[in-house]
Amino acid sequence: QKPKPVPNTAMAASLADAAAQEAKGDSAAAIRTYRSICIEASPSQANAQATEAAIAKLCALYTKQHDANALAKMLTELRPFFAVIPKAKTAKLVKNIIDAVAKVPNTTKLQVQLCREQAEWAKAEKRSFLRQRLELRLATLLLELCDYAPALTLITRLLTEVKRLDDKLLLVDIHLVESRVHHALRNVAKAKAALTASRTAANAIYVPPTVQAHIDMQSGVLQAEEKDYKTGYSYFFEAFEQLGALDENVLALRALKYMLLCKVMGGQAHEVANIASTKGGVKYAGRDIDALKAVAAAHKARTLKDFEVAKKDYIDVLTSDAIVDGHLRVLYDDLLELNVMRLLEPYSRVDVSYVASQLELESGMVEAKISQMILDKKLDAVLDDAGVLKIFSEEASKGGYPDALDTIENLDKVVSALFVRSAKLMAS
């Protein structure tokens, strides 16, 4: 037996009752009342406004209780209501519910499952607008889970489909995710090409400020990847200002972190404290900013010990972001190389274990770094089996050996030419 439609006045009264129950702290009763409005009542276009309000309130309560499974169940329970409202409203409600699930910690895999299920339902119902956006979100979630191959396959198929529709705004988002996937795969050339395509599509339409901020963020990431930290900083600064104005505090904090990182990587560590103490920086003060200030202080002092202490104290902050972690690894290698060169400068022969003890590092790590420096021709030396490093002076390297090698090479060319000529004479 189908449930009877609830009149608008009754629904309004039920909403008021649920709000009163919520105000008294009786969340369970409020949830029951909201469910009676949006799920248990007969779906009707006439009651759509009240139902949408109840859905929003119910989502907020489930999110507050961290009940991700209840939120996921709502997507299935609300399908009869989705059938009687416009497709655009359905897409908005589905997005809002998945956004609510995302606010619950450790639900990335559940979000992937929901996106797949809802995309299949949208495909069966021939709701292309909703399906395409769900699949884009799925690709973004797969990127977060480091599942790059399926993400790239999904993006490639979406691009083919959306280009035929000429949906510029969706193309901007797809190319942006594509750029992020290629960057994660260390393919900077393809990441730049995808970002250029995203910018081209964005120039043809009005782009919301949040999307523009994401484009600027990705531009800054790619510039920093190519060691153009000055340009990268300017992009991050643009993104930071836009996100701050929109109260997108999580993304604004990330942009600020990347700004400080660019200053450290660009050899301007002394400016980090000044930027962090500005009006915009103070707003986001916390462990994230303190971590980069500690790294900047260690880089300014050129001491590996302080750098190690900073990494140990703020390991949760510095290693959770792949971009920060990657650049700090490069910074650590540069700092280690600088310290090794400084220690080796007065010696012509030195034990690697002594260098390691001075740096307070493991001998194997220092030996591997010195070997790499020799192979990269940054250090003119020989490392023997006993772990003793023999360093050649610059004057010695400028001796007669290179000239002797040049002479032998020229003699080889002369002998080869004479051999060819004699072969021709013998043949004739």
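An account of the accompanying structure is given in this report. Here the structure is a predicted model, which is why all the values come from computation and not from measurement. (Residues numbered from 1 in each chain as written. Predicted model: local features only at pLDDT ≥ 70, side-chain atom pairs only at ≥ 80, totals over all residues. Heavy atoms only, no water.)

1. Here we look at the overall build of the protein chain
So the rule is basically this: Note on conventions: DSSP H or I runs of at least 4 residues are helices, E runs of at least 2 residues are strands, and numbering of each starts at the N terminus. Restricting the calculation to C-alpha atoms gives the radius of gyration, and the globule rule supplies 2.2 Å times the number of residues raised to the power 0.38. Exposed residues in this analysis have more than 50% of their type's maximum accessible area, buried residues have under 20%, and partly exposed residues fall in between, with area computed by a 1.4 Å probe over protein chains only. Residue contacts are defined here by distance: any two heavy atoms, one from each residue, within 4.5 Å place the two residues in contact. Each accessible area is a Shrake-Rupley result for a 1.4 Å probe, and residues are judged covered by the shown protein chains and nothing else. Here the positive residues are Lys and Arg and the negative ones are Asp and Glu; neither His nor the chain ends is included. Every charge is mapped onto a representative atom, which is NZ of Lys, CZ of Arg, CG of Asp or CD of Glu.
What the protein chain contains, in helices and strands, is 24 helices and three strands. For the protein chain, whose C-alpha radius of gyration is 31 Å, the value lies well above the compact-globule estimate of 22 Å for 428 residues. By the burial criterion, 40% of the 428 residues in the protein chain qualify as buried. A separation threshold of at least 6 residues defines the contact pool for the protein chain, and within that pool the share at least 24 residues apart is 60%. Carbon and sulfur atoms make up 55% of the accessible area of the protein chain, which totals about 23700 Å². When the 56 positive and 54 negative side-chain charges of the protein chain are each reduced to one mean point, those points stand 8 Å apart.

2. As for a negative patch on the surface
Defined as follows: Exposure above 30% relative accessible area and no salt bridge define the residues that can form patches, which grow by joining like charges within 9 Å and nonpolar side chains of Val, Leu, Ile, Met, Phe, Trp and Tyr within 5 Å. Salt bridges are defined by distance alone: a side-chain nitrogen of Lys or Arg within 4 Å of a carboxyl oxygen of Asp or Glu.
A cluster of like negative charges, contributed by Asp403, Asp406, Glu409 and Asp412, occupies part of the molecular surface. Structurally, Asp403 is set in helix H24 (residues 401-427).

3. Overview of the packing of helix H20 (residues 322-344) against helix H22 (residues 363-375)
Between two packed helices, both the angle of their axes relative to each other and the distance between the axes serve to describe the pair. So the rule is basically this: Axis lines are fitted through C-alpha atoms, for helices just across the contact stretch, and the angle between N-to-C directions can take any value from 0 to 180 degrees. Note that the term roughly parallel is reserved for angles under 35 degrees, roughly antiparallel for angles over 145, roughly perpendicular for angles of 65 to 115, and oblique for everything else.
Packing of H20 against H22 leaves a shortest axis separation of 11 Å and a crossing angle of 85°. Taken together, the axis directions place H20 and H22 in an arrangement best described as roughly perpendicular. Seen from H20, the contacting residues are Tyr332, Asp333, Leu336, Glu337, Val340 and Met341; seen from H22, they are Met365, Lys369, Ile370 and Met373.

4. Looking at the packing of aromatic side chains
Our working definition: Each Phe, Tyr or Trp ring (for Trp, its six-membered ring) is paired with any other whose centre lies within 6.5 Å, and the angle between the two planes then decides the class: stacked below 30 degrees, edge-to-face above 60, tilted in between. Only when the NZ atom of a Lys or the CZ atom of an Arg is both within 6 Å of the ring centre and within 35 degrees of the ring normal do we say a charge sits over the ring.
As enumerated under the stated definition, the model contains six aromatic pairs in all. On the numbers, 5.6 Å between centres and 40° between planes, the contact of Phe307 with Tyr332 is tilted. With Phe307 in helix H18 (residues 304-313) and Tyr332 in helix H20, this residue pair connects regions lying 25 residues apart in the sequence. Classification of Tyr332 as buried rests on a relative accessible area of 10%. A ring pair is formed by Tyr347 and Tyr354, whose centres lie 6.1 Å apart and whose planes are at 75°; its orientation type is edge-to-face. Judged by relative accessible area, which is 35%, Tyr354 ranks as partly exposed. Above the ring of Phe129, the side-chain terminus of Arg133 is found at 3.6 Å from the ring centroid. The ring of Tyr233 is capped by Lys263, whose NZ or CZ atom sits 4.4 Å from the centre of that ring.

5. A closer look at the nonpolar core
The condition that has to hold: The definition of a nonpolar core used throughout is a set of buried Ala, Val, Leu, Ile, Met, Phe, Trp, Tyr and Cys residues joined through side-chain atoms within 4.5 Å.
Residues Ile55, Leu58, Leu71, Met74, Leu78, Phe82 and Ile174 are the most contacted members of the largest nonpolar core, which totals 71 residues. Not counting the four nearest positions on each side in its chain, Ile174 is found in contact with Leu136, Ile155, Leu158, Leu159 and Val162.

6. Here we look at the packing of helix H11 (residues 188-203) against helix H12 (residues 209-225)
What counts here: Helix crossings are classified by the rotation of the near helix relative to the far one: an anticlockwise turn of less than a right angle makes the crossing left-handed, while a clockwise turn makes it right-handed. In the scheme used here, Gly and all other residues not listed as nonpolar or charged are polar, with Ala, Val, Leu, Ile, Met, Phe, Trp, Tyr, Cys and Pro taken as nonpolar and Asp, Glu, Lys and Arg as charged.
With their axes 11 Å apart at the nearest point, H11 and H12 run at an angle of 155° to one another. Classified by the angle their axes make, H11 and H12 are roughly antiparallel. Classified by chirality, the crossing of H12 by H11 is left-handed. In this structure, H11 contributes Val188, Ala191, Lys192, Leu195, Ser198, Arg199 and Ala202 to the contact, and H12 contributes Gln212, Ile215, Asp216, Gln218, Ser219, Leu222 and Glu225. Of the residues contributing to the contact of H11 with H12, the split by class is six nonpolar, four polar and four charged.

7. Quick word on the sheet that holds strand S2 (residues 381-383)
To keep things clear, this is the line we draw: Two strands pair under a simple rule: DSSP has to find at least two bridges between them.
Spatial ordering of the open sheet is given by S1-S3-S2, a layout of three strands whose pairing is antiparallel. Every other strand in the sheet has two partners, leaving strand S1 (349-351) and S2 as the edge strands with one partner each. Each adjacent strand pair in this sheet contributes to an overall mean axis angle of 20°, direction not counted. Where H22 meets the sheet, it contacts S2 and strand S3 (388-391), and its direction lies at approximately 140° from that of S2.

8. Section: helix H9 (residues 148-165)
Test applied: In this scheme, a helix's expected span is set at 1.5 Å multiplied by one less than its residue total.
With 18 residues, H9 should reach 26 Å at 1.5 Å per residue; the first-to-last C-alpha distance of 26 Å fits that figure. Within H9, the full set of buried residues consists of Ala151, Leu154, Ile155, Leu158, Leu159, Glu161 and Val162. Buried residues belonging to H9 abut helix H8 (128-144) and helix H10 (168-184). Just beyond H9, the residue with positive phi is Asp166, at close to 60°.

So far we have only geometry, and geometry alone does not tell us how the molecule works.
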